[in-house]
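As a plain string of letters, each chain reads:
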Amino acid sequence: MFPTRIEIIPSAGIVEKVQATVPLSTTLTVTCLPHHGIARTMEASIKLSLLGYTVIPHLSARGLEHRAQLSGILRDCEAAGITEVFAIGGDGPQGSGPYRSSLPLLADIAEYSGGSITAGIAGYPEGHPSVSGLDLLDALLAKQHLATHVVTQMCFSAPTILDYAALLRREGVELPVWAGVAGAVPRTKLLALAAQIGVGTSLKFLSNKGTLARKLLGGDKYSPEGLVSEIMAHPDGISGIHLYSFNRLDMPIWERSDLPDPEASEAASA
């Protein structure tokens, strides 16, 4: 089995839905969307942690109003047994809070928690619409002493993800890389989300791949099994899968240990 974390959205009823469908052995990450805010992220995270799940709440730098708020969040994490968070800059406009990016947020997490709470950070295999590639790399180099791993933005091309992990190694980023992969979702929803978050390059990659594109994007529903199979064939480059579930919580095939072996599949088709 390949390590897999499932990202959920803290919408109404999500705690009960997770409890009914997701094994306690599954690590969950809880996203922080601008229209939900950090309070809802923390509420769901704490409830799930107290139920026995390993939970990683997302903390948005721009969503924090003051440092005392962060201090309180970290105290709540410790009380609930949460030992890891995911620190992001956030998509909303710069507010009146103290954090403009995740770097000072990471520094305060380390200081306020005394090192008892670790943090993951984001990576962008296809770049960022408002930040240059060089600036993104410099930011990772500046953050890595305060972080434990990198989670990539959603991507649909295994070569792009693997090349990105190799690039980070060459440039001195030593953190483990988790591949961000979309779960099985309706194709129309997936395409709309891809356009919003700027991952069109890897979708274009798929559109040029014939059989692969038909397998992944054909019909009404996208399935990530083929992409994950490619990634799993290179375990030295990627540490695990970060599955963007969109709250569709069917356990992925590879977590059930029956994902076809990629080498065997290639041999059968040769």
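Residues numbered from 1 in each chain as written. Predicted model: local features only at pLDDT ≥ 70, side-chain atom pairs only at ≥ 80, totals over all residues. Heavy atoms only, no water.

K.L.:
Run through the pattern of salt bridges, naming residues and quoting values.
P.N.:
One pass over the full model with this rule turns up three salt bridges. Salt-bridge contacts for E84 lead to R5; the nearest nitrogen and oxygen are separated by 3.1 Å. Taken together, the residues E84 in strand β4 (residues 84-88) and R5 in strand β1 (residues 4-8) connect sequence positions 79 residues apart. E43 is paired through a salt bridge with K47; the nearest N and O atoms lie 3.3 Å apart. With E43 and K47 both in helix α2 (residues 38-51) and four residues apart, the pair spans about one turn of that helix. Classification of E43 by relative accessible area gives partly exposed; the value is 44%. (Salt bridge = Lys/Arg side-chain N within 4 Å of Asp/Glu carboxyl O. Helix = DSSP H or I, 4+ residues; strand = E, 2+ residues; numbered from the N terminus. Buried < 20%, exposed > 50% of the residue type's maximum accessible area, 1.4 Å probe, protein only.)

K.L.:
If you had to explain helix α10 (residues 225-232) to someone new, which residues and values would you point to?
P.N.:
Here α10 lies mainly inside the structure; six of its eight residues are buried. Those residues of α10 not exposed but buried are E225, G226, L227, V228, S229 and I231.

K.L.:
Give me the packing of helix α1 (residues 14-21) against α2: which residues, what numbers.
P.N.:
Helix-helix packing is described using two parameters, namely the angle between the two axes and the distance between the axes. It is the contact of α1 with α2, at a shortest axis distance of 10 Å, that shows an interaxial angle of 30 degrees. Between α1 and α2, the crossing angle belongs to the class labelled roughly parallel. When you trace α1 past α2, the crossing you get is right-handed. Only A44, K47, L48 and L51 of α2 make contact with α1, whose side of the interface consists of I14, V15, V18 and Q19. Per-class residue counts for the contact of α1 with α2 are six nonpolar, one polar and one charged. (Axes fitted to C-alpha atoms, helices over the stretch in contact; angles between N-to-C directions. Parallel < 35°, antiparallel > 145°, perpendicular 65-115°, else oblique. Left-handed = near helix turned anticlockwise from the far one by under 90°. Contact = heavy atoms within 4.5 Å. Nonpolar A, V, L, I, M, F, W, Y, C, P; charged D, E, K, R; others polar.)

K.L.:
So what's going on with the packing of α2 against helix α3 (residues 67-80)? Which residues, and what values?
P.N.:
It is the contact of α2 with α3, at a shortest axis distance of 9 Å, that shows an interaxial angle of 15 degrees. Here α2 is positioned roughly parallel relative to α3, judged by the angle of their axes. For the crossing formed where α2 meets α3, the hand is left-handed. Across the interface between the two elements, I38, M42, I46, S49 and L50 of α2 pack against I73, D76, C77 and A80 of α3.

K.L.:
Give a detailed account of the pairing of strand β7 (residues 177-182), specifying residues and quantitative values.
P.N.:
The side chains of a regular strand alternate, first on one face of the sheet and then on the other. Most of β7 sits inside the fold, with six of its six residues counted as buried. By the alternation rule, side chains of β7 split into V177, A179 and V181 and W178, G180 and A182, which are all buried. Here strand β6 (residues 149-152) runs beside β7; their pairing, made up of two bridges, is parallel. Its bridge partner being in β7, V151 is matched across the sheet by W178. On the question of chirality, the crossover connecting β6 to the parallel β7 by way of helix α6 (residues 158-170) is right-handed. In the sheet, β7 pairs with strand β10 (residues 240-244) via five bridges, with the strands oriented parallel. Note that in β10 the partner of A179 across the bridge is I241. (Pairing = 2+ DSSP bridges. Right-handed = clockwise from strand over helix to strand, strands pointing away.)

K.L.:
A description of α1 should follow, citing residues and the corresponding values.
P.N.:
Along α1, the residues that are buried comprise I14, V15 and V18. Taken around the axis of α1, the buried residues stretch over an arc of 100 degrees, which confines them to a single face. Away from its buried face, by an angle of more than 90 degrees, α1 presents the exposed residues E16 and A20. Structurally, α1 contributes buried residues whose contacts are with β1, β2 (27-30) and α2. (Arc of directions from axis to C-beta.)

K.L.:
Quick rundown of the confidence of the model for the chain? Include the residues and the values.
P.N.:
Reading fine detail from the predicted coordinates is not recommended where pLDDT is low. In the predicted model, the chain carries a mean pLDDT of 84, and the fraction of residues at 70 or more is 79%. This stretch, residues 197-202, has a pLDDT under 50; its non-local contacts, to residues over four places away or in other chains, come to 14 contacts. (pLDDT = per-residue confidence, 0-100.)

K.L.:
Residues and numbers for the side chain of N247, please.
P.N.:
Mapping N247 onto the fold places it in the loop between β10 and α11 (262-269). With relative accessibility at 9%, the residue N247 sits in the buried group. Within the structure, N247 has its side chain in polar contact with the side chain of S11 (distance 3.0 Å). Beyond its immediate sequence surroundings of up to four residues, N247 is in contact with I8, I9, S11, I14 and K17. (Polar contact = N/O pair within 3.5 Å; in protein donor to acceptor, adjacent residues only side chain to side chain.)

K.L.:
Describe in detail the sheet that holds strand β5 (residues 118-123), supporting the description with residues and values.
P.N.:
Pairing within the closed barrel is parallel, and its eight strands lie in the order β1-β2-β3-β4-β5-β6-β7-β10. Averaged over neighbouring strand pairs, the angle between their axes works out to 30 degrees when direction is ignored.

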